Amino acid sequence: MKLFHKTLIILFGISISIEQGFTMVLGRLQNGNLIGPDVVMPVDILCYALLLFKPYKHVHTRSKWMITFGITLSLLYLFWSFLGEFISYDPAAFRFGFVHLARAILVFITILTRIQTREDVINFTKGIMYSLGIQAIIGVWQWQIGPVNIPFFKMNYSWRVSGTLRVANALGAFTAALTPLAIRLALFTKVKPRWLWMIIAVFSIGTLYATYTRGAWISFTISMALFFIIDFYKAKLTKRDLSLLLLSLSVGIILINIKYGDAIQNRMSGAEESLRGDSGHSRLNMARDAIGIIRENPVFGVGLNNYRFHADPSIQGTRIVHNTYLLITAQQGIIGIALFVILHITFFYRGFKIIHTKDKTLYHIGMATLTGMMSQFIYFLVAPDYRLVPVKLQHWRLLATLAVVIVANHEHQILLRVKKLKKKTSYQGIPGKMLRPNGNLAKKY
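Going along each chain's sequence as written, the residues are numbered from 1 onward. Note on the predicted model: pLDDT of at least 70 is required for a residue's local features to be given, and 80 or more for side-chain atom pairs to be given and counted; whole-chain, interface and lining totals, by contrast, use all residues. Heavy atoms throughout the structure, all of them, feed into the side-chain values; hydrogens and water do not.

Concerning the overall build of the protein chain
The helix and strand tally for the protein chain stands at 14 helices and four strands. This radius of gyration counts C-alpha atoms alone. The globule rule is 2.2 Å times how many residues there are, raised to the power 0.38. A compact globule built from 445 residues should have a C-alpha radius of gyration of about 22 Å, and the protein chain, at 23 Å, falls within 12% of that. With the principal axes as the frame, the protein chain shows a C-alpha extent of 80 × 55 × 40 Å. A burial count over the protein chain gives 55% of its 445 residues as buried. Partitioning the intrachain contacts of the protein chain with sequence separation of at least 6 by distance along the chain shows that 73% fall at a separation of at least 24. Each accessible area value is a Shrake-Rupley result obtained with a 1.4 Å probe; residue values ignore everything except the protein chains displayed when judging cover. Total accessible area on the protein chain stands at roughly 20,900 Å², and carbon and sulfur atoms take up 65% of it. Across the protein chain, 49 positive and 19 negative side-chain charges occur, with their mean positions spaced 17 Å apart. Helix and strand definitions here come from DSSP, where helices need a minimum of 4 consecutive H or I residues and strands a minimum of 2 consecutive E residues; each element is numbered from the N-terminal end. In this scheme, a residue with accessible area under 20% of its type's maximum is buried, one over 50% is exposed, and one in between is partly exposed, where area comes from a 1.4 Å probe on protein chains only. Note on contacts: a residue pair qualifies if any of its non-hydrogen atoms lie within 4.5 Å across the two residues. Neither His nor the chain ends is counted toward charge; the positive residues are Lys and Arg and the negative residues Asp and Glu. Here the site of a charge means NZ on Lys, CZ on Arg, CG on Asp, or CD on Glu.

Put into structure tokens, the structure is as follows:
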């Protein structure tokens, strides 16, 4: 049974990056076109399997509150979002968005309640790394060779790589959030196979570059620098770790500048115009338009996936604001964004508790997750389109992982203390089996 659970957890980690599934039509849009989301995806099947076959393990009170708090606020957020069904301009478009939000919340709750032990966290991390490896290899192939054709997967091909996620910005957000984990596993932990994590790290950096996603480049760089400074300040890296890190960074920066320095400079040259230009689809003007929509619909918003029906007609393309926080406020109202922000601030703050752990593996998994979450916080200011399924899934996966790393670390420390106490009392003639599960001696002793 233990092997079965391990297999389910690894497959669950892999499946979160697969957005293809079985589509069901939910209705017609106002323009008469049929619309339907993927109502069954591989990640759904793995969620149900874990919920059915892997029992919930009761955890210590100090850990349990995070799980209870996370489930409660996420369900309140989902319920509040559901109210958009009754006020949205296009209910069919709303249902499309609601199905995908519900799936992201399901993934979030599954992680909170089924990824609980140190072993679970490591196995889940391996699954996530395999999914990153798949996307990174496909991305590098698209970048260096050309189109990739794989049965079941629908993929786009252009000058910007997109893997199986089909949107370059989505792949940029994905690799920016997960590459820190590959780097830390390869350089600083003993989780095997380290050679594979190193290959995945190199390929994912190449894929991140080839997405040509400026926001992902900037958010990745800032978050990596910030958390390595924290490592250094807290003396969490040995001299060997620092040497490996500095050598890797130096070689990487030199090679990238020699080979791709001009391309990066050219890509960044239009950033200011894109952010603050006079056109209606500059980031600044889209933000102003979003603020106007929020003022007109402050409480309930306009409903999931209904933003474009209220946006300025002069905005080109998908007519969506490229700021996740403004988009959520416009679509789910002030209460929706309040629930969203409270949940994120609480989990992110609690996630920093991992700094105090002595478990090197959990420390680096936790710090990599914090790094990935920080990169998402920054990137969400300017992109990507938060309506995209892979963006939602990875975002809620990161948030849940922040909590379960803390829970797993706390439970593991309790287990170590119990084992130490059992060993100590056995020398004093008190049978270890007479200890209570929490490590206290039975009353008769």
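More follows now that the structure is in view.
Observations regarding the pattern of salt bridges
The salt bridge definition used is simple: a Lys or Arg side-chain nitrogen within 4 Å of an Asp or Glu carboxyl oxygen. Inspection of every chain in the model, using the stated rule, returns nine salt bridges. Across the pair Lys-360 and Asp-241 runs a salt bridge, and its minimum N-O distance is 3.5 Å. Separated by 119 residues along the polypeptide, Lys-360 in helix H13 (residues 360-379) and Asp-241 in helix H9 (residues 239-268) bring together distant segments of the chain. With a relative accessible area of 40%, Lys-360 lands in the partly exposed category.

With respect to unusual backbone geometry
Cis geometry is found at the peptide bond from Lys-192 to Pro-193, where omega equals 0 degrees. By secondary structure assignment, the location of Pro-193 is in the loop between helix H6 (168-188) and helix H7 (194-210). Not every positive phi belongs to a glycine, and Arg-166 is a case in point at roughly 75 degrees. Structurally, Arg-166 can be placed in the loop between helix H5 (118-144) and H6. In this structure, Ala-235 takes a positive phi of about 55 degrees despite not being glycine. Mapped onto the elements, Ala-235 comes out in the loop between helix H8 (214-233) and H9.

Some points on H8
Over its 20 residues, H8 runs 29 Å from end to end, which matches the ideal 28 Å to within 8%, given 1.5 Å per residue. For H8, every residue scored as buried is listed here: Arg-214, Gly-215, Ala-216, Trp-217, Ser-219, Phe-220, Ser-223, Met-224, Phe-227, Phe-228, Ile-230 and Asp-231. Ala-235 occupies a position one or two residues after H8 and carries a positive phi of about 55 degrees. A helix's residues, less one, multiplied by 1.5 Å, set its expected span.

Here's the deal with the packing of helix H11 (residues 283-296) against helix H12 (residues 324-351)
Only the stretch in contact is used when a helix axis is fitted, and all axes are lines through C-alpha atoms; the angle between N-to-C directions ranges over 0 to 180 degrees. Running from N to C, H11 and H12 cross one another at 25 degrees; their axes reach a closest spacing of 9 Å. In terms of orientation, H11 lies roughly parallel with respect to H12. For H11 against H12, the interelement crossing comes out left-handed. Together, Ala-287, Ala-290, Ile-291, Ile-293 and Ile-294 of H11 and Leu-326, Thr-329 and Ala-330 of H12 make up the contact between the two elements. Three classes are used: nonpolar for Ala, Val, Leu, Ile, Met, Phe, Trp, Tyr, Cys and Pro, charged for Asp, Glu, Lys and Arg, and polar for all others, with Gly counted as polar. Looking at the contact of H11 with H12, its residues break down into seven nonpolar, one polar and no charged. Working definition: roughly parallel below 35 degrees, roughly antiparallel above 145 degrees, roughly perpendicular at 65 to 115 degrees, and oblique for all remaining angles. Handedness of a helix crossing follows the sense of rotation of the near helix relative to the far helix, less than a right angle counterclockwise being left-handed and clockwise being right-handed.

Notes on the packing of aromatic side chains
The rule is short: rings of Phe, Tyr and Trp, with Trp giving its six-membered ring, pair when the centres are within 6.5 Å, and they are stacked under 30 degrees, edge-to-face over 60, tilted in between. Per the counting criterion, the structure on display carries 28 aromatic pairs. Their ring planes at 85 degrees and their centres at 6.5 Å tell us that Phe-340 and Tyr-386 sit as a pair that is edge-to-face. Here Phe-340, found in helix H12, pairs with Tyr-386, found in the loop between H13 and helix H14 (389-427); they are 46 residues apart in sequence, far enough to count as distant. Residue classification places Phe-340 among the buried residues on the basis of a relative accessible area of 3%.

Details of the confidence of the model for the protein chain
Mean pLDDT over the protein chain works out to 88, with 91% of the residues at or above the 70 mark. Values of pLDDT, ranging from 0 to 100, describe the predictor's confidence in every residue of the model. Contacts from residues 438-445, a stretch scored under 50 in pLDDT, to residues over four places away or in other chains number 16 contacts.

Details of the side chain of Thr-175
Mapped onto the secondary structure, Thr-175 falls in helix H6. In this structure Thr-175 comes out as buried when scored by relative accessible area, which is 0%. Thr-175 has contacts with Leu-132, Pro-180, Ser-204, Thr-207 and Leu-208, leaving out every residue within four places of it along the chain.

Regarding H5
End to end, H5 covers 38 Å across 27 residues, agreeing with the expected 39 Å (1.5 Å per residue, within 8%). Where burial is concerned, most of H5 is hidden: 19 out of the 27 residues are buried. Gly-146 lies just past H5 and shows a positive phi near 150 degrees.

Overview of the environment of Gly-366
Its place among the elements puts Gly-366 in helix H13. Sequence-wise, Gly-366 and Lys-422 are 56 residues apart; in three dimensions their C-alpha atoms are separated by 29 Å. Among all residues touching Gly-366, those that are not within four sequence positions of it are Ile-354 and Val-405.

Re the environment of Thr-346
Position of Thr-346 relative to the elements: it lies in helix H12. For the pair formed by Thr-346 and Ala-403, sequence separation is 57 residues and the distance between their alpha carbons is 9.7 Å. When neighbours within four sequence positions are excluded, Thr-346 is seen to be in contact with Trp-65 and Phe-69.

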